[in-house]
Each structure stands twice: as C-alpha cells, then as structure tokens.
Amino acid sequence: MPEQARAGQVRLRADAGYFAGELARVAFFAKVQFAIGAKRIAPLWRLLSGLTEDDWTDAIDMDGAQVAVADYRPVWWPAKTFLLIRRVRLDVSQVSADPRSRRRRTLHPDQRVLPLEELADADAIYGYSFVLTNLDVSTPARTAAVEHWYRHRTSIENIFRDSKHGAALRHLPSGYPGVNTAWMWGALLAATMAAWLHQLTATPGPDGRLAGWGTRDGKAMITTLRHRLIRVPARLGFQAGKVILHPPPDHHLLAEILARLRKLPTLP
C-alpha cells in the first residue's frame, strides 16, 4: 500500500474464502487489524453449546440478528484472535429444501439435516456466520460494532457491479493493458459523476434508503439515473428573442437541481 494510505490504522476484512492463518499472521506482523470470515468447520459448531442466551446481544441494523464472542482461535493464528459469531433468526419459509442452498448451509448441522416439515416444529431456526478478528470485542457494544463494520465489506462490490452494468466497465475492449487502463478510468469517472448527480437528486430517508431520481429499491443505480434523468427528452424554444428549455411534462427536476447547486458552498 502507498505510504500515505498507511498513515492511520489499516484494517482488513475478508470473506471465508481467505480463511487462512498465514493471512492473519501477515496482517498481525504488519500491524493491520483484521476480520476474516471462518469456514463452518466442526469445532466452531461445537462452541455454540457453550454459549447461553445472556451471551448474545442484538446486532446493529439487522432485524432478528444477534452477535456473541467465543475465546477460540485455530492453531497458528495470532494469540489475540477471537471468534465473533452472528446468528440470524429465520422462518421456515426462508429455508430451502435443497441441502445445497446457501442459506440452508448456515443452519446448525442438527437442523440442517431435517426436512422442512420437522424444521417447522423447531423452537427457533438460526443461520450462523463466524468471523475471526483481532479487533476490540471486549464489550457487547464493541462486538456489535465490529460485526456491523465487517458486514459492509461487500459495499465496494455494489460499486463494481454498478460500474460494470451502468458505465460499461465490463466491456474492456483491448488486449493492451494501457487501453484497458484508460477505459477503466473512464468508466469509474462516469460512475463518480453519476454519484454526484445522485447526491443532487436523491434524498436519504431515516433508514438510509435513497428516495428520488435514479434510485431503485432504495439504492442509487446508474442505469436508472440515465433512464429517468439523462435520457429524458427536452426541447429548446425561442420566445421574445430568448432561448427557453422546455423539459417534458411533469418533469420539474431542473429547477430542483439548480436550487441545490446554488446552495453549494463556493470554493475559496
């Protein structure tokens, strides 16, 4: 990493595909705080029997989810590593009968083998996730904060997906690295400018979901913004020697955007 990026505390968060003590040791010796997803191996399932209901605390911004901490680390992991566990209460309708389904694999092995009819009679159905971390999880509040931060590791994937489908990042056109680099920066600049338009035209609600132009299901999407705003037809008219822009009927967004632009602070 560039020296400037290492000026502060660096943190690493990784999926269970990177579940390896070697990665944890490299991060530890580089003074990098880490949270690495753990594969659902047998020792982790056995740890659940040692937890009581008092050990669980509600997760942040996730209905039906709770988190707990166990003093466990695999062999050759750094000494100050702890196991963070998240469980999410599920309804039987959310569980597939297919044993290969992703959600069913998160169930405890004793419940995973049950057919849906018997699973419906269970007192509670939980899906579990495990994370090994050397971050501070000494209190329930800090444990919930670490899990909340780790859960948002996929936010960057939304930007990549939106850039690929909304700004043509997926169409890298050449076998020459230089050409692809220029194309990549062009696509990411387009995604950045679209984000600016989202900030001007969308309003976040109390739950963080966006409402307004260019949003779909509470999320800002480039393709939706282009369809609703950039590709909206308009016409130029002339009246009394003046050029007048006529937006389409029922689209009064221009006045709103201009008003927000005028409220922006001026540069020194």
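Residues numbered from 1 in each chain as written. Predicted model: local features only at pLDDT ≥ 70, side-chain atom pairs only at ≥ 80, totals over all residues. Heavy atoms only, no water.

## Looking at the packing of aromatic side chains
Evaluated as defined, the whole model comprises 7 aromatic pairs. Measuring from centroid to centroid gives 5.6 Å for Phe19 and Trp77, while their planes differ by 35°, and the two rings are tilted. Taken together, the residues span a long stretch of sequence, with Phe19 in the loop between strand S1 (11-14) and helix H1 (21-29) and Trp77 in the loop between strand S4 (65-70) and strand S5 (82-90) at a distance of 58 residues. We classify Trp77 as buried; its relative accessible area is 9%. Seen from their ring centres, Tyr126 and Tyr128 are 6.2 Å apart, and the 55° between their planes marks the pair as tilted. For the pair shown, Tyr126 and Tyr128 are each scored as buried. The side chain of Arg73 reaches across the aromatic face of Phe82, ending 5.7 Å from its centre. Sitting over the ring of Trp56, Arg87 keeps its end group 4.3 Å from the ring centre. (Phe/Tyr/Trp six-rings, centres within 6.5 Å; stacked < 30°, edge-to-face > 60°. Helix = DSSP H or I, 4+ residues; strand = E, 2+ residues; numbered from the N terminus. Buried < 20%, exposed > 50% of the residue type's maximum accessible area, 1.4 Å probe, protein only. Lys NZ or Arg CZ within 6 Å of the ring centre and 35° of its normal.)

## Overview of unusual backbone geometry
Even without being glycine, Lys31 reaches a positive phi, approximately 60°. Position of Lys31 among the secondary structure elements: in the loop between H1 and strand S2 (33-38). Under the relative-accessibility criterion, Lys31 is labelled exposed at 71%. The phi dihedral of Trp76 falls on the positive side, at around 70°, and the residue is not glycine. Secondary-structure assignment places Trp76 in the loop between S4 and S5. By relative accessible area, which is 68% here, Trp76 ends up exposed.

## Topic: the environment of Glu147
Here Glu147 is to be found in helix H5 (residues 140-151). Here Glu147 is in contact with Ala59, Val67, Leu84 and Arg86, once residues within four sequence places are set aside. At 2.8 Å, the side chain of Glu147 forms a polar contact with the side chain of Arg86. (Contact = heavy atoms within 4.5 Å. Polar contact = N/O pair within 3.5 Å; in protein donor to acceptor, adjacent residues only side chain to side chain.)

## Describing the pairing of S4
In terms of burial, S4 is a largely internal element, 5 of the 6 residues being buried. One ladder, built from 2 bridges, connects strand S3 (residues 57-58) with S4; its direction is antiparallel. Among the inter-strand pairings, Thr57 is bridged to a residue of S4, identified as Val67. The loop that links S3 with its antiparallel partner S4 comprises 6 residues; one of these, Asp61, has a positive phi angle of about 55°. Across 6 bridges, S4 lies against S5 in antiparallel orientation. Opposite Val67, over in S5, you have Arg86 as the bridge partner. (Pairing = 2+ DSSP bridges.)

## Remarks on a nonpolar patch on the surface
Where nonpolar side chains cluster on the molecular surface, the patch consists of Leu172, Trp183, Met184 and Trp185 and spans about 400 Å² of accessible area. Along the chain, Leu172 falls in the loop between helix H6 (155-166) and helix H7 (177-201). (Patch = residues over 30% accessible without salt bridge, like charges linked within 9 Å, V, L, I, M, F, W, Y side chains within 5 Å. Areas by Shrake-Rupley, 256 points an atom, 1.4 Å probe, with all protein chains shown as cover. Salt bridge = Lys/Arg side-chain N within 4 Å of Asp/Glu carboxyl O.)

## As for the sheet that holds S2
Taken together, 6 strands build an open sheet; the order of strands is S1-S2-S6-S5-S4-S3 and the sheet is mixed. Here the strands that pair on one side only, and so sit at the sheet edges, are S1 and S3. Pairing between S2 and strand S6 (residues 125-133): 4 bridges, direction antiparallel. Looking at the pairing, Ala38 lines up with Phe130 of S6. Sheet contacts for H1: S1 and S2; angle to S2, the most-contacted strand, approximately 170°. (Axes fitted to C-alpha atoms, helices over the stretch in contact; angles between N-to-C directions.)

## Quick notes on H1
Taken residue by residue, H1 has Gly21, Ala24 and Ala27 as its buried positions. Each buried residue of H1 sits inside an arc of 125° when the element is viewed along its axis, so together they form one side. Pointing more than 90 degrees away from the buried face of H1 are the exposed residues Glu22, Val26 and Phe29. Those residues of H1 that are buried are in contact with S1 and S2. Downstream of H1 by one or two residues, Lys31 has phi in the positive range, about 60°. (Arc of directions from axis to C-beta.)

Interpretation note: all reported values are geometric properties and have no functional meaning in isolation.
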